[in-house]
Amino acid sequence: MKVLITGGAGFIGSHLAELLLNKGQEVYCIDDLSTGRLQNVHHLRQNPRFHLAVETILNESVMDRLVSDCDVIYHLAAAVGVELIVKSPVETIQRNILGTDVVLRLANRYLRRVLITSTSEIYGKSEATPFREDDDRVLGPTTKSRWSYSCSKAIDEFLALAYHKEKNLQTIIMRLFNTVGPRQTGRYGMVIPRLVQQALKNQPLTVYGDGKQVRCFTYVQDVVAAAARLMETPKAIGQVFNIGNTEGIAIGELAEKIKALTGSKSEIVLIPYDKAYEEGFEDMRIRVPDLSKANRVIGYEPKVKLDEILKRVIEYFRQQEEEGR
Ligand code: UDP
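Residues numbered from 1 in each chain as written. Predicted model: local features only at pLDDT ≥ 70, side-chain atom pairs only at ≥ 80, totals over all residues. Heavy atoms only, no water.

Caption draft 1: Fine view of the pairing of strand S11 (residues 240-243). With burial as the criterion, each face of S11 is covered, one bearing Val240 and Asn242 and the other bearing Phe241 and Ile243. By the bridge criterion, four bridges tie strand S6 (residues 171-176) to S11 in an arrangement that is parallel. Bridge pairing links Met174 to Phe241 in S11. (Buried < 20%, exposed > 50% of the residue type's maximum accessible area, 1.4 Å probe, protein only. Helix = DSSP H or I, 4+ residues; strand = E, 2+ residues; numbered from the N terminus. Pairing = 2+ DSSP bridges.)

Caption draft 2: Structural detail: the state of the cysteines. Counted according to the given criterion, the structure contains zero disulfides. As a non-bridged cysteine, Cys29 has Cys70 as the owner of its nearest cysteine sulfur, 9.5 Å distant. A relative accessible area of 1% means that Cys29 is categorised as buried. (Disulfide = S-S within 2.5 Å.)

Caption draft 3: Highlighting the nonpolar core. One finds Ile5, Val27, Tyr74, Leu230 and Ile243 to be the most contacted residues of the largest nonpolar core, which totals 37 residues. A total of eight residues in this core trace back to one element, the largest contributor, which is helix H8 (residues 220-231). Not counting chain neighbours up to four residues away, the residues in contact with Tyr74 comprise Val3, Leu4, Ile5, Thr6, Leu16, Leu20, Leu115, Ala227, Ala228 and Met231. (Core = buried A, V, L, I, M, F, W, Y, C linked by side-chain atoms within 4.5 Å. Contact = heavy atoms within 4.5 Å.)

Caption draft 4: Summary view of the site of the ligand. For the ligand, the set of nearby residues contains 18 residues, the closest of which are Val191, Thr206, Tyr208, Arg215 and Asp283. Between Asn178 and the ligand, the recorded distance is 3.0 Å, taken from a side-chain N or O atom to an oxygen atom. Take Arg215: an N or O atom from its side chain is 2.5 Å from an oxygen atom of the ligand. Protein chains shield 95% of the accessible area of the ligand, which is 510 Å² for the free molecule. Elements with a contribution of two residues or more to the shell around the ligand: helix H7 (191-200) and strand S8 (205-208). In terms of residue class, the shell around the ligand is built from eight nonpolar, four polar and six charged. (Near = heavy atom within 4 Å. Polar contact = N/O pair within 3.5 Å; in protein donor to acceptor, adjacent residues only side chain to side chain. Areas by Shrake-Rupley, 256 points an atom, 1.4 Å probe, with all protein chains shown as cover. Nonpolar A, V, L, I, M, F, W, Y, C, P; charged D, E, K, R; others polar.)

Caption draft 5: Geometry of the packing of helix H5 (residues 89-110) against helix H6 (residues 146-167). Between H5 and H6, the least distance of the axes is 9 Å, while the angle of their chain directions is 10°. The angle between the axes of H5 and H6 places the two elements in the roughly parallel class. Judged by the sense of rotation from one axis to the other, the crossing of H5 with H6 is right-handed. Along the contact surface, H5 presents Pro89, Thr92, Ile93, Asn96, Ile97, Thr100, Asp101, Leu104, Arg105 and Asn108, while H6 presents Ser148, Tyr149, Ser152, Lys153, Ile155, Asp156, Leu159, Ala160, Tyr163 and Lys167. Class assignment for the residues of the contact of H5 with H6 results in nine nonpolar, six polar and five charged. (Axes fitted to C-alpha atoms, helices over the stretch in contact; angles between N-to-C directions. Parallel < 35°, antiparallel > 145°, perpendicular 65-115°, else oblique. Left-handed = near helix turned anticlockwise from the far one by under 90°.)

Caption draft 6: Representation of helix H12 (residues 306-322). Across its 17 residues, H12 extends 24 Å between first and last C-alpha, which sits within 8% of the 24 Å expected from 1.5 Å per residue. Within H12, the full set of buried residues consists of Leu306, Ile309, Leu310, Val313, Ile314, Tyr316, Phe317 and Gln320. Each buried residue of H12 lies within a common arc of 160° when the element is viewed along its axis, so the set occupies one face. On its buried side, H12 packs onto helix H2 (38-41), strand S7 (179-180), H7, strand S10 (218-219), strand S12 (248-250) and helix H9 (251-262). (Expected span 1.5 Å × (residues − 1). Arc of directions from axis to C-beta.)

Dropping the structure here:
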């Protein structure tokens, strides 16, 4: 089995590459290293079944060759991270929509099965948790750039479902809920790597808003295992799946937990959203997935609990510090 992973040098992509190599598959990755890093796949480069093209997915001739050579496509390449999205909305919209357009057009040309990675941002600021795949979406105005991410990913979903409906292309969509784990960087806004690094450096832990907003964090290995299962499940074709964890925590509490687990002397500071992102920034108060569909179709159940996730992330950043990275 030959697979193509777009965004294969990214945080999730690199874990997926590792899993598929362990399953004996031939793994081709394409990554423009905009948010991905060579360091993420350094340990895979000795494996003769691992291949990496440092190139954008918007390069259609490179993508054409890769798609024609592979049996299936995992499409993960995207602009991600709320901070990046708020700072670079043009890039976010273009990359997410045009990139997925290229992937789906080529998948359709060579009749390849394709898994599209989407996001819980799709549900927007709805508070009707837990979110089911067919729930309504609640979004803010177009003047607030955060919502461009949700809309760009929704267009990706519409397009993938349309290719399935109209052209019978084998498309599958997974909506990820706050995926975390080693190799995730805090550079683009993600809260866990950020707070852990602050704690290890005894710097103030920056909790945005009132810290009462709730998130459910999913360990990256649970996510990539689900991606591989979805890909090999014919019943998943033409369907959308939430992939996440249902164990919620308020961000203020998360900061306390990280402080305790690292033994840090850091203080916890509340930073208004206007300062953290931009004026008028809107956040989600609560985000919890309903996982019954993924459970029914692929037997999905997240295995790694929050305390264990935090221990592994702390260990990862401690090691990075020791290695001087
Ligand atoms: N957040 C925070 N401090 C940070 C970074 C993020 O309090 O340094 C908050 C953010 O506003 C959000 C939550 O933590 O309410 C999760 O943020 P993240 O960017 O990880 O994912 P999101 O849920 O926004 O997609």
